[in-house]
Amino acid sequence: MSSPLSSKSPWLTLGGIVLLQSVSVASSLYPAYSSILGKKFSISQVQVVDLIAAVETGKLFECFPTAAADRLPPWAILLIGLLLGTVGHGVQYLYVAEKIQLSYWQMLLLCLLAGHSVCWIQTFCYFSALTNFNKNKNIAVLTSCYASLGREVYASLIQGIQGKIEFQNPSTYLLLTCIAPASVGLVVVLIVGGSILAEHTETDVFPIAFALAVAAGVYAMLGNTVQPIKNMSSQLQVITLTLVIILPIAVPLVKAAHWLAMVRWRAKITPELPCVAATENSDSIVRVDSLNEEAEEDDKEEGVTVDEGMENVGNVELGDVHGVKNLMMSLNFWLFYLVNACGPMLGVVYVNNLPRISEAPSLIEVFAASGFCGRIFSVLIEEYTRRGLSMLSTPASIVIMMIPMSVSFFLLINSSKTVLYISTGVIGACSGAIREITTFKIAELFGPQNSVVNQNIVLTNIPIGTLLFGHLDAINYKTGADGNDGICKGFECHHKTFIIWGSISAVGIILSLILHLRTRKFYSSG
């Protein structure tokens, strides 16, 4: 009987993966230090939006790390991502620190490179988790949800290093986005080791992984709202948040404690027959292993049946869409695309503009924590669907979540701090959940072939929307700043923007309802 604390423990690997996911999306922090970039280059808010759009564009080239995953070991995939991120963020920091000189176009390329590094790191995380827990692919998807906590983690790190918000230097974000992923990534490489990872043999680990994710989400939410946690020292908050994120490491520790207790108990009840006890124990282990192998074979047979059933369902109406050309001719795809543009894309645009909308502390962290909660509960919905327990189709779930999101945008017109926090939380949770659900269903609705390419086509709405609606908000911001020394703060500067965003989200409700009606037969036949 081997110790649960083996270096190849899947839970130890999972702990490293979720921490790496939490620090890998450093590119999403550009709103936090976009002001310093604007001052260094003496550029307008419109040009700052272009930098953020370049970051989002870099995330579209996921096909490169996905193709490389078939030819390179996992550690090589991770090291490529770490190298790209270190160069992308590190060179930017050297410029901000006045060590080198860069042009605006060079900065755009560095932003593109930094955004693309996220693809490589997250590809490593996904395939590593999939290899460790191949009984349930939803666990691999669950680990990707931790990327939403990136803003929370970096905000805590900054506060732990520099103290209160008013004394923080935005350029420190650039330095941390260079150091943190590289440091955590190298530790994960040491944990994972070579290309062969341990395969978890438990039949149902999703409840444990989901409970740990819920604990992280609850703490992230309470950390921004509960006064006792907010009153803790900055350093203690960083340590506590890190420990909550890496809670999967506690699973082998608990199992190790149970294993030691069982060893001592067996030694006490059979001290006179150690050899016989060991033999009986070995026999029982063999029997348990054989039962596990039989269960695995049964599960594999059932899995084949489910997969075959899904293929048959896919051939009914929607699942037969193959190739980019056929995809472009599909009305259902364009409905799906526009629903994403009216939901998750607006969430990204909203959080990118939060520093201009309000100076309220911890507002970005509230969006990050609520987005994480929304994503993990969408994974729970998918798990229930996999087990045949879900009563709602994917488009129906999207309709339900689009409604509060649209209402929240209109409520922002009310100049209230309480409404601002509540609306930010709702927008974060709904946009995060919709994005995760649509990611699940691309292959199901439009066929498994070229699913990565199809997903990247859908995600093009994010940089396009960032440019379009980011420019729109920047123009409204400039209009409100005229006659006020070029500075505009508060809700009044964004009233028109909130009405436009709310209207677009309302259109998304109608489009998602149409998509639900068009795909109802497809899901009922499944």
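Structure report, in brief.

Quick notes on the rules
For every chain, the first residue of the written sequence is number 1, and numbering continues from 1 onward in sequence order. Note on the predicted model: pLDDT of at least 70 is required for a residue's local features to be given, and 80 or more for side-chain atom pairs to be given and counted; whole-chain, interface and lining totals, by contrast, use all residues. Side-chain figures throughout are based on the complete set of non-hydrogen atoms in the structure, without hydrogens or water. Here a helix means four or more residues in a row that DSSP labels H or I, a strand means two or more in a row labelled E, and each is numbered from the N terminus. Residue burial is assigned from relative accessible area. The probe radius is 1.4 Å, only protein chains are included, and a residue is buried under 20% of its type maximum, exposed over 50%, and partly exposed in between. Residues are treated as being in contact if the distance between any of their heavy atoms lies within 4.5 Å. The Shrake-Rupley method, run with a 1.4 Å probe sphere, supplies the accessible areas, and residue values consider only the shown protein chains as cover. Each reported salt bridge corresponds to a side-chain nitrogen of Lys or Arg within 4 Å of a carboxyl oxygen of Asp or Glu. Every helix has an expected span of 1.5 Å times one less than the residues it contains. Only the stretch in contact is used when fitting a helix axis, every axis being a line fitted to C-alpha atoms; angles between N-to-C directions are given from 0 to 180 degrees. Here is the rule for angles: anything less than 35 degrees is roughly parallel, anything more than 145 is roughly antiparallel, 65 through 115 is roughly perpendicular, and the remaining ranges are oblique. Here a crossing is called left-handed whenever its near helix is offset anticlockwise from the far helix by less than a right angle, and right-handed whenever the offset is clockwise. Three residue categories are used. Nonpolar comprises Ala, Val, Leu, Ile, Met, Phe, Trp, Tyr, Cys and Pro, charged comprises Asp, Glu, Lys and Arg, and polar comprises the others, including Gly.

### Observations regarding the overall build of the chain
For the chain, the count of helices and strands is 24 helices and 0 strands. Of all 526 residues assigned to the chain, the portion counted as buried reaches 52%. A fraction of 84% describes how many contacts in the chain between residues 6 or more apart in sequence connect residues 24 or more apart. Just so you have it, the chain exposes about 23900 Å², and 65% of that area is on carbon and sulfur atoms.

### Observations regarding the pattern of salt bridges
Counting across every chain of the model gives 2 salt bridges. A salt bridge links E56 to K59, with the shortest nitrogen-to-oxygen separation between them at 3.6 Å. The two residues E56 and K59 agree in class, both being buried. R375 is paired through a salt bridge with E436; the nearest N and O atoms lie 2.7 Å apart. Here the residue R375 occupies a position in helix α19 (residues 363-386), and E436 occupies one in helix α21 (residues 417-446), the gap between them amounting to 61 residues. The buried category is assigned to R375, whose relative accessible area is 16%. Classification of E436 as buried rests on a relative accessible area of 4%.

### Here we look at helix α16 (residues 331-342)
Residues three or four positions apart in an α-helix share a direction because the helix packs 3.6 residues into each turn. With 12 residues, α16 extends 17 Å from end C-alpha to end C-alpha; this agrees with the ideal 16 Å at 1.5 Å per step. Counted residue by residue, α16 has 9 buried out of 12 residues, so it is predominantly covered. For α16, the complete set of buried residues consists of N332, F333, L335, F336, Y337, V339, N340, A341 and C342.

### Here's the deal with the environment of F133
Topologically, F133 is positioned in the loop between α6 (104-132) and α7 (137-144). Judged by relative accessible area, which is 3%, F133 ranks as buried. Taking the C-alpha atoms as reference points, F133 and F206, 73 residues apart in sequence, are found 9.3 Å from one another.

### Let's talk about the packing of α6 against α7
Packed helices, taken two at a time, are described by the angle between their axes plus the distance between the axes. Running from N to C, α6 and α7 point in directions that differ by 150 degrees, and their axes come no closer than 8 Å. Considered as vectors, α6 and α7 are oriented roughly antiparallel to each other. Seen along the crossing, α6 lies across α7 with a hand that is right-handed. Two secondary-structure elements touch here, α6 through Y126, A129 and L130 and α7 through K137, A140, V141 and T143. Looking at the contact of α6 with α7, its residues break down into 5 nonpolar, 1 polar and 1 charged.

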